[in-house]
Every structure is written in C-alpha cells, then in structure tokens.
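The chain contents come next:
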Amino acid sequence: MSWRTVVITQHAKLSYSGRMMIVQTDSKIHSIPIEDISVLMIATTQAVITSALVAKLSQNQSKIIFVDNHYLPVSETCCYYSSSRTLESLRKQFEWDEYRKENLWTHIVAGKISNQTSVIESLGIDTEDLEKEADKLEFGDATNREAVVARKYFELLFGSGFKRRSDDEEECVNAALNYGYSIILSSFSRAIVANGCLTHIGIHHSNNQNEYNLASDLMEPFRPIIDLYVAVQNFTEFSRSIRMSLINLLNQEIQLNGQKMRISTAIEKHVSNCIRFLNGDLDNIEIEVDFTDEVQSYEINGHV
C-alpha cells in the first residue's frame with residue numbers, strides 16, 4: 001500500500017525509470033519506488049515532470065498536486081480508473097438512498113460542529129454560543145446550521161474582524177487554511193477513488209464546476225484539525241516551514257471513533273465507513289474525531 005508523501009520544493013526534473021521516480025536536482029539524484037508514493041506534491045513552479053512519470057503515478061493511484069506562485073495548491077491529477085471501481089460500484093453510487101444521504105450529512109455536520117466547539121474550548125474560549133446553535137441542528141441540516149456556526153466559529157477563533165473568504169492573497173492565515181484544506185481534500189478524493197466511487201457526485205455539495213463534491217462533503221469533520229493548527233501558530237507569514245508542517249500533519253496520530261491512528265489512515269477509514277453506509281452495508285454511522293491534544297502537542301513539540 002502506498003504511504004509516502006513526497007514534496008518537491010526546489011528546481012528539479014522528475015522522471016521515471018525502472019519502477020522508480022527519479023528526482024534530479026542541481027546537486028543530487030534521488031530514486032523513490034513508485035509503489036511507495038501516495039502523494040507527490042510539487043510545491044514549486046521551478047520543477048518539470050515527464051509524461052511517463054505522470055502515467056506511472058496515475059496507474060499507482062498516486063495523487064500529483066501542483067501549486068501556483070503563492071504556493072497554494074491549484075490542481076491535482078484525477079485518475080480515470082480505480083483498481084476497485086466496477087460498474088456495480090458506480091451503479092450503487094448513482095442509486096444512493098436519499099434518506100441515507102440526508103442522514104449521513106446530518107452526522108457530518110454534527111461532527112464538524114462538535115469538533116469546532118472542541119477547538120474553541122481547547123483554546124479557553126466560551127463555547128456557549130456554538131453549543132446553542134448545535135442544539136438547533138435538524139435532520140439534513142435543513143436550517144443550515146453549518147454556515148451559521150462557521151461564521152461565529154471563525155470570529156471566535158481569529159477575531160471579530162476575520163473574514164474566511166478574504167480576497168487578499170497575501171493574508172497568511174487564510175493562505176494557510178486554504179493550503180491545509182487542499183491537502184486534506186486531496187487525501188479524501190484519493191480515498192474515494194480507491195473505494196470505487198466518483199468524486200464528482202456528492203451527498204450535499206453539488207457544484208457543477210467542482211469535481212470533488214463528495215470529497216468536500218466527507219472532509220467537513222476534519223477541517224477543524226487544520227483550523228486548530230493554524231490558530232496556535234500565531235505566525236505572520238506563510239513560510240515554507242508552515243507549508244511543510246501542514247503536509248506532515250497528516251502523519252500525526254488522532255483518535256477516530258475511539259481508535260488511535262494517523263490522520264491519513266483515519267481519512268481512509270472514515271471514507272470507507274461513509275461509503276459502506278451509503279451502500280447499505282452499514283446500518284449506523286459513527287463520526288467521532290478527537291484531535292485537540294494531539295494537534296497542540298504537534299505544535300509544541302516542533303514537528304516542522
């Protein structure tokens with residue numbers, strides 16, 4: 001099973017030879033087995049990659065992520081086929097029961113709000129307002145508590161003047177949030193494809209221009225992990241060390257439904273559970289993500 005995240009941060013040529021990815025920099029040549037690579041992040045615009053390597057990584061179901069001049073992920077590869085995708089898998093996805101979709105979305109929103117509340121509580125901030133909104137959550141989030149809580153949550157987390165969708169590309173907090181969310185989104189989309197499903201067809205998100213609607217749905221309870229990490233940094237610039245730490249954060253251990261595992265493994269487990277529930281293979285779904293102590297320890301111990 002692929003497990004390795006490879007990040008390219010300097011001028012390099014990436015090519016394929018003998019089942020290996022060859023990374024040639026100005027001073028060294030590195031060889032990495034293709035089968036080990038889960039994600040290749042080209043975190044610079046000064047690198048080139050051959051079509052042969054792109055093809056081999058795609059066959060291995062490895063994600064390739066590209067960034068822009070501001071170091072923000074702007075695109076990623078989406079393989080045509082999964083080793084597990086069959087006509088039966090796609091048929092099930094197209095026929096997912098509406099009640100199950102609404103039920104799952106209710107659990108996802110509840111899990112997200114619970115995690116947002118835990119983040120605020122871990123920082124010693126009063127959570128009463130968020131808890132009141134959580135009590136108003138209805139089936140399928142008919143009253144859109146997710147959006148209401150998000151607005152209040154980000155103001156509690158980063159200050160009353162903070163706007164999540166700032167147009168200022170140089171604003172480092174939003175840049176870090178966007179970067180972290182993109183890394184998690186990529187991991188979710190890879191897990192969805194590995195389970196034989198299309199990322200385009202969501203259970204709540206339905207943007208025609210978003211090819212990752214399902215990943216955008218399932219990742220919601222994991223977003224607060226990024227929020228907490230960014231909040232405790234208190235940084236003033238979106239530095240290389242921050243970008244690297246956000247990538248490495250996927251290797252941090254958390255608890256999913258009472259079991260300790262890496263975030264990357266938790267994402268795979270969570271996606272599998274959600275799809276099994278939607279397919280009718282599970283009668284109930286549980287979404288409990290416990291991470292506040294682990295994420296704060298990650299920052300304190302200097303895992304950068």
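Provided above is the structure to which this section pertains.
About the thresholds
Residues numbered from 1 in each chain as written. Predicted model: local features only at pLDDT ≥ 70, side-chain atom pairs only at ≥ 80, totals over all residues. Heavy atoms only, no water. Helix = DSSP H or I, 4+ residues; strand = E, 2+ residues; numbered from the N terminus. Polar contact = N/O pair within 3.5 Å; in protein donor to acceptor, adjacent residues only side chain to side chain. Contact = heavy atoms within 4.5 Å. Buried < 20%, exposed > 50% of the residue type's maximum accessible area, 1.4 Å probe, protein only. Lys, Arg positive; Asp, Glu negative; His and termini not counted. Salt bridge = Lys/Arg side-chain N within 4 Å of Asp/Glu carboxyl O. Phe/Tyr/Trp six-rings, centres within 6.5 Å; stacked < 30°, edge-to-face > 60°. Lys NZ or Arg CZ within 6 Å of the ring centre and 35° of its normal. Pairing = 2+ DSSP bridges. Axes fitted to C-alpha atoms, helices over the stretch in contact; angles between N-to-C directions.

Draft legend 1. Seen up close, the side chain of Lys-63. With respect to the helices, strands and loops of the structure, Lys-63 is situated in strand β7 (residues 63-67). Among the polar contacts made by the side chain of Lys-63, one reaches the main-chain carbonyl oxygen of Thr-77 at a distance of 2.8 Å. Of the polar contacts made by the side chain of Lys-63, one reaches the side chain of Ser-189; its length is 3.5 Å. Contact partners of Lys-63, with chain neighbours within four places excluded, come to Ser-38, Val-39, Leu-40, Glu-76, Thr-77, Cys-78, Ser-186, Ser-189, Arg-190 and Tyr-212.

Draft legend 2. Layout of the side chain of Glu-294. Within the element layout of this structure, Glu-294 appears in helix α11 (residues 292-300). Here Glu-294 sits buried without a salt bridge, and the closest side chain of opposite charge, Lys-260, lies 5.8 Å off (N-O distance).

Draft legend 3. Spatial organisation of the packing of aromatic side chains. On inspection of all chains with the given rule, the structure shows eight aromatic pairs. Judged by centre distance (6.1 Å) and plane angle (35°), the ring pair of Phe-154 and Phe-162 falls under tilted. You can call Phe-162 buried: its relative accessible area is 14%. With 5.3 Å between their ring centres and 75° between their planes, Phe-188 and Phe-222 make a pair best called edge-to-face. Of this pair, Phe-188 sits in helix α6 (residues 172-194) while Phe-222 is found in the loop between α7 (213-218) and α8 (223-233), placing the two residues 34 residues apart along the sequence. Taking the relative accessible area as the measure of exposure, Phe-188 reaches 0% and is therefore buried. Aromatic rings pair up to connect Tyr-153, Phe-154, Phe-158 and Phe-162 into one cluster. Taking NZ or CZ as reference, Arg-100 lies 4.7 Å from the ring centre of Phe-277, over its face.

Draft legend 4. Seen up close, the pairing of strand β8 (residues 73-76). Judged from the three bridges that link them, β7 and β8 form a sheet pairing that is antiparallel. Pairing of Val-67 across the sheet is with Pro-73, part of β8.

Draft legend 5. Quick look at the sheet that holds strand β4 (residues 29-33). If you walk across this open sheet you meet the four strands as β4-β3-β2-β6, and the pairing is mixed. Both outer strands of the open sheet, β4 and β6 (47-49), are each paired with one neighbouring strand and no more. Between one strand axis and the next, the sheet turns by 20° as a mean value, whatever way the strands run. Note that strand β3 (residues 20-24) and β4 share five bridges and pair antiparallel. Bridge assignment links Val-23 to a residue of β4, and that residue is His-30. Relative to strand β2 (residues 12-17), helix α1 (residues 51-59) is tilted by about 60°, and along the sheet it contacts β2, β3 and β6.

Draft legend 6. Expanded view of the pairing of β7. Buried residues dominate β7, accounting for four of its five residues. Sheet topology places strand β5 (residues 37-42) next to β7; four bridges connect them, and they run parallel. For Met-41, the partnering residue across the bridge sits in β7 and is Ile-65. Hairpin connection, β7 to β8: the antiparallel pair is bridged by five residues, and Tyr-71 has positive phi, about 70°.

These figures come from the coordinates and say nothing about function on their own.
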